[in-house]
Amino acid sequence: GGPALADTDTQAARFLVAVRDLPDPNFAKSVVLIIRHDKDGAMGIIVNRPTRVTPREVMPDIDQLADYGGPVFFGGPLMLDRMMVLFRSDTAPDTGDAIAVTGDVYISASEKALLALPASDFATERMRIFAGHAGWAPGQLDREIAAGGWHVVPAQIDLLFKTPEGPDWQRLLPDARPLSVDAAGSADPGPAV
């Protein structure tokens, strides 16, 4: 299908990192990879909540998952019975039901897209499987960000695939050391890092 104009937009993938005191238990201490964010709303997957379920348990028909060593991750509170597969691929999948996330990373909810992948892609450093996703109505995520509920940071794609439990929420939080006030009452931001 030739290069799509949207390809340049997908290069700037972002993580939503929950603020320390986010009250919603669905998203407390979560890191969310934004898949789509536009006038129609937003969609993402929580990428740091592994479960005890294996992909083979939820997708028994896919033989390639027999040797896959990773768990199913909790992707979000919506449509928990729907598996979303985040994967790296050297070539764009030609099944048409995979969405480009950034660079060589794609997501699909289609078993057809999964079956089209080479066996070597069925490894935790190239693939993660999620149950469900997170979604926001039009304008809702923008309001939550404006209200201080989320930090928005550039997505570090390698963190998605390199660690067994996904990106470390605490390490992605912006440095939030309080200012110390000296005896004269002037704020000292402390040593520059």
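Described below are features of the structure shown in this document. What you see is a predicted model; the values in this text were computed from it and never measured.

1. A look at the side chain of Asn 48
Line of reasoning, step 1. Position of Asn 48 among the secondary structure elements: in the loop between β3 (41-46) and α2 (55-58).
Line of reasoning, step 2. Residue Asn 48 is classed as buried on the basis of its relative accessible area of 13%.
Line of reasoning, step 3. In terms of polar contacts, Asn 48 uses its side chain to reach the backbone carbonyl oxygen of Lys 29, at 3.0 Å.
Line of reasoning, step 4. A distance of 3.1 Å separates a polar side-chain atom of Asn 48 from the backbone nitrogen of Val 31.
Line of reasoning, step 5. Not counting residues up to four positions away in its chain, the partners in contact with Asn 48 are Lys 29, Ser 30, Val 31, Phe 73, Glu 165, Gly 166, Pro 167 and Trp 169.

2. Brief notes about the nonpolar core
Line of reasoning, step 1. One finds Phe 15, Leu 33, Leu 86, Trp 136 and Trp 150 to be the most contacted residues of the largest nonpolar core, which totals 38 residues.
Line of reasoning, step 2. It is strand β2 (residues 31-38) that provides the largest number of residues to this core, a total of five residues.
Line of reasoning, step 3. Dropping the residues within four chain positions of it, Leu 33 is found in contact with Ala 13, Arg 14, Phe 15, Met 43, Gly 44, Ile 45, Val 47, Leu 86, Val 101, Ala 155 and Leu 160.
Line of reasoning, step 4. Among the nonpolar cores identified, the runner-up in size contains 15 residues, and Ile 62, Tyr 68, Val 85 and Met 127 belong to it.

3. What to know about the pairing of strand β7 (residues 105-108)
Line of reasoning, step 1. What you see with β7 is no split at all: Val 105 and Ile 107 on one side and Tyr 106 and Ser 108 on the other are buried throughout.
Line of reasoning, step 2. As judged from the four bridges shared by strand β5 (residues 78-88) and β7, these two strands associate in the antiparallel manner. Considered in β7, the bridge of Phe 87 is made with Tyr 106.
Line of reasoning, step 3. Two strands pair when backbone bridges link them, and strand β6 (residues 98-102) and β7 are joined in this way by four bridges, in the antiparallel orientation. Residue pairing for β7: Ile 99 is matched across the bridge by Ile 107.
Line of reasoning, step 4. Joining the antiparallel neighbours β6 and β7 is a turn of two residues, in which Gly 103 adopts a positive phi near 50 degrees.

4. Some remarks on the environment of Tyr 68
Line of reasoning, step 1. Examined against the element boundaries, Tyr 68 turns out to sit in the loop between α2 and β4 (72-74).
Line of reasoning, step 2. A sequence separation of 54 residues divides Tyr 68 from Phe 122, and the C-alpha atoms of the two residues are 5.8 Å apart.
Line of reasoning, step 3. Among all residues touching Tyr 68, those that are not within four sequence positions of it are Pro 55, Phe 122, Ala 123, Thr 124, Met 127, Arg 128 and Ile 129.

About the thresholds
Residues numbered from 1 in each chain as written. Predicted model: local features only at pLDDT ≥ 70, side-chain atom pairs only at ≥ 80, totals over all residues. Heavy atoms only, no water. Helix = DSSP H or I, 4+ residues; strand = E, 2+ residues; numbered from the N terminus. Buried < 20%, exposed > 50% of the residue type's maximum accessible area, 1.4 Å probe, protein only. Polar contact = N/O pair within 3.5 Å; in protein donor to acceptor, adjacent residues only side chain to side chain. Contact = heavy atoms within 4.5 Å. Core = buried A, V, L, I, M, F, W, Y, C linked by side-chain atoms within 4.5 Å. Pairing = 2+ DSSP bridges.

Spatial relationships are all this shows, so hold off on functional conclusions.
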